[in-house]
Amino acid sequence: MQLFERKSEFRSALITWYLREKRDLPWRRTDNPYYIWVSEVMLQQTRVDTVIPYYERFIEKFPSLADLAVAKEEDVLKMWEGLGYYSRVKNLQSGVREVVEKYGSEIPKNRKEISKLKGVGPYTAGAVLSIAFGVPEHAVDGNVMRVLSRLLLIEDDIAIPRNRKIFEEVVMELIDEKDPSSFNQALMELGATICTPKPRCLLCPVRDFCHAFHEGRQEKLPVKSKKTKVKTIPLTAFAVRNSEGKWLMKQRPSTGLLADMWEFPMIEITGTAKPEEILKLNIGIKLKSIDPLIQFKHVFSHLIWEVEAYLALTKDGAPVGYSFFSATEVDALPKAVPVLKIWDQLKKTEKNTKG
DNA sequence: TATGCGTGGGG
DNA sequence: TCCCCAAGCAT
């Protein structure tokens, strides 16, 4: 107890545990600040196990700031395919280009400057500064808020953005100036492995310091208000093939949902008209035939797509905004998961039809 | 400041 | 099946 009065004892217990128990992760095997940066962006709202293969491939494809800076955006998006939150990687490339052009390829080593880079917010700034450069700065993520809310019995709602600064101030009080990298990572590692939503306090290296454990309230913390239910959007999608065996696709707008990713024609269902009528009306293309292909639900964080996909044939040319692509070309385009679901089903169907 | 932005894993 | 989440940021 009395965490602040026993600061150095707390740091020691936390960091000793971390150095002994930390997971062997790819980005913990490097001191390259660019690699640390890439890993932190990938890890935003994304699980470690999901990130690992993406990180390995990304670093192999773009081994340096310069490589990523000169890469084509479509190649960069392709490496991010399936990882989600696609504007992260567009912002990362913008930030990297800025470092190359304005900072002589040296990532800024203070919060004020590094925070100006695209995609670098309060957490990522602190994480890169502390882990890559040993700067004693806070890096407060969901893990850290959960851990500290229990250690110090902080009952402020962590779902409210402005409350994050409460935790940032606590970290700046507690942080080990000698090893801020280990200190910050230890808090996160503890949250990821021990001080989880269902905490495993018997394994905790700092439970003696924990006010919530002392009062048996660890299960009740952190306080986090619930989100409201999301809206369902019914969509009809069309995989349209022309007489040359090419597929009709378009690129989504460069902002908003699934920015810059490629997709088949899709129409939000409003009335009760037949799918082919809807397609003709909305996109202006006539179909020779149409068959059901696949139905599925895709759940985003803030909405749900209820997709009904059809396989259709046409003799028409591509409408404005659309182009036809060969199967090989479609494979190469960056596509989000719902589109991949349709494309995978399509390839299965084609194979069976041939056989 | 509140909301939009993905995906897949686990209880 | 449903709900919660997981190393947040931009606008």
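Residues numbered from 1 in each chain as written. Chains lettered and ligands numbered in written order. Predicted model: local features only at pLDDT ≥ 70, side-chain atom pairs only at ≥ 80, totals over all residues. Heavy atoms only, no water.

This part is about the packing of aromatic side chains. Within this structure, the stated rule accounts for eleven aromatic pairs. Between Trp 262 and Phe 325, the aromatic rings sit 5.3 Å apart at their centres with planes inclined by 85 degrees, giving edge-to-face as the arrangement. Remark: Phe 325 occurs in strand β7 (residues 323-325) and Trp 262 occurs in strand β3 (residues 262-263); sequence separation between them is 63 residues. Assessed through its relative accessible area of 12%, Trp 262 is described here as buried. Look at Phe 264 and Trp 343: their rings are 6.2 Å apart centre to centre, the planes differ by 40 degrees, and that puts the pair in the tilted class. Of the two residues, Phe 264 is situated in the loop between β3 and β4 (266-268) and Trp 343 in helix α15 (residues 337-354); the sequence distance between them amounts to 79 residues. Note on accessibility: Phe 264 and Trp 343 belong to one class, buried. One aromatic cluster is present, formed by Phe 10, Phe 183 and Phe 209 through successive ring pairs. Arg 57 extends its terminal NZ or CZ atom over the ring of Tyr 54, reaching a point 4.9 Å from the ring centre. (Phe/Tyr/Trp six-rings, centres within 6.5 Å; stacked < 30°, edge-to-face > 60°. Helix = DSSP H or I, 4+ residues; strand = E, 2+ residues; numbered from the N terminus. Buried < 20%, exposed > 50% of the residue type's maximum accessible area, 1.4 Å probe, protein only. Lys NZ or Arg CZ within 6 Å of the ring centre and 35° of its normal.)

Moving on to the packing of helix α8 (residues 122-133) against helix α11 (residues 180-193). Where α8 contacts α11, the two axes come as close as 7 Å, and the packing angle between them is 130 degrees. When the axis of α8 is compared with that of α11, the two are oblique. As for how α8 packs across α11, the hand of that crossing is left-handed. Between α8, through Tyr 123, Gly 126, Ser 130 and Ile 131, and α11, the contact on the second element is made entirely by Pro 180, Ser 181, Asn 184, Gln 185 and Met 188. (Axes fitted to C-alpha atoms, helices over the stretch in contact; angles between N-to-C directions. Parallel < 35°, antiparallel > 145°, perpendicular 65-115°, else oblique. Left-handed = near helix turned anticlockwise from the far one by under 90°. Contact = heavy atoms within 4.5 Å.)

Looking now at the domain arrangement of chain A. Accessible area lost upon the coming together of the parts is a frequently used measure of interface size. What the domain assignment reports for chain A is domain 1 (4-220) and domain 2 (231-354). Here domain 1 and domain 2 have C-alpha centroids that lie 38 Å from each other. Contact residues are listed per partner, giving nine residues for domain 1 and 15 residues for domain 2. When domain 1 packs against domain 2, close to 890 Å² is buried across both sides, 55% of that on carbon and sulfur atoms. Put simply, domain 1 and domain 2 have one salt bridge between them. Lys 90 serves as the salt-bridge partner of Asp 260, at 2.9 Å between the closest nitrogen and oxygen. Run the count over domain 1 and domain 2 and you get five residue pairs in polar contact (both at pLDDT 80 or more). Ranked by the residues each element gives to the side of domain 1 that touches domain 2, the list is headed by helix α5 (residues 73-80), at four residues. Grouping the amino acids of the side of domain 1 that touches domain 2 by side-chain chemistry returns three nonpolar, one polar and five charged. (Domains from an automatic or database assignment. Buried area = accessible area lost by both parts, 1.4 Å probe. Salt bridge = Lys/Arg side-chain N within 4 Å of Asp/Glu carboxyl O. Polar contact = N/O pair within 3.5 Å; in protein donor to acceptor, adjacent residues only side chain to side chain. Nonpolar A, V, L, I, M, F, W, Y, C, P; charged D, E, K, R; others polar.)

Here the focus is the pairing of strand β2 (residues 247-251). Bridging between β2 and β7 involves three bridges; their strand directions are antiparallel. Bridge assignment links Met 249 to a residue of β7, and that residue is Ser 323. (Pairing = 2+ DSSP bridges.)

A separate point is the protein's contact with DNA strand B. In the vicinity of DNA strand B lie 20 residues, with Arg 47, Tyr 86, Leu 258, Val 299 and His 302 positioned nearest. The sugar-phosphate share of atoms of DNA strand B within 4 Å of the protein amounts to 61%. In the environment of DNA strand B, a base nitrogen lies 2.8 Å from a nitrogen or oxygen atom belonging to the backbone of Gln 45. One of the backbone nitrogen or oxygen atoms of Tyr 85 is found 3.1 Å away from a sugar or linking oxygen of DNA strand B. Elements supplying a minimum of two residues to the surface near DNA strand B: β5 (289-299) and α15. Split by residue class, the surface near DNA strand B holds ten nonpolar, eight polar and two charged. (Near = heavy atom within 4 Å.)

A few words now on the layout of surface pockets. To find leftover empty space, one rolls a probe the size of a water molecule over the atoms. Considering only enclosed or pocket space, the largest pocket measures out at about 1900 Å³ in volume. Along its surface, the largest pocket is lined by 45 residues, and Leu 43, Gln 45, Asp 141, Gly 142 and Asn 143 are the ones closest to its centre. Here the residues of the lining of the largest pocket are counted per class, giving 20 nonpolar, 13 polar and twelve charged. Taken together, 22 residues make up the lining of the second largest pocket; nearest its centre are Leu 83, Gly 84, Tyr 85, Phe 300 and Ser 301. For the lining of the second largest pocket, the elements supplying multiple residues, two or more each, are α6 (87-102), β5 and α15. (1 Å grid on protein atoms, 1.4 Å probe; cavity = no way out; pocket = protein on both sides within 12 Å on 5 of 7 lines; lining within 4 Å. Points joined across faces, edges and corners; volume = space filled by probe spheres on them.)

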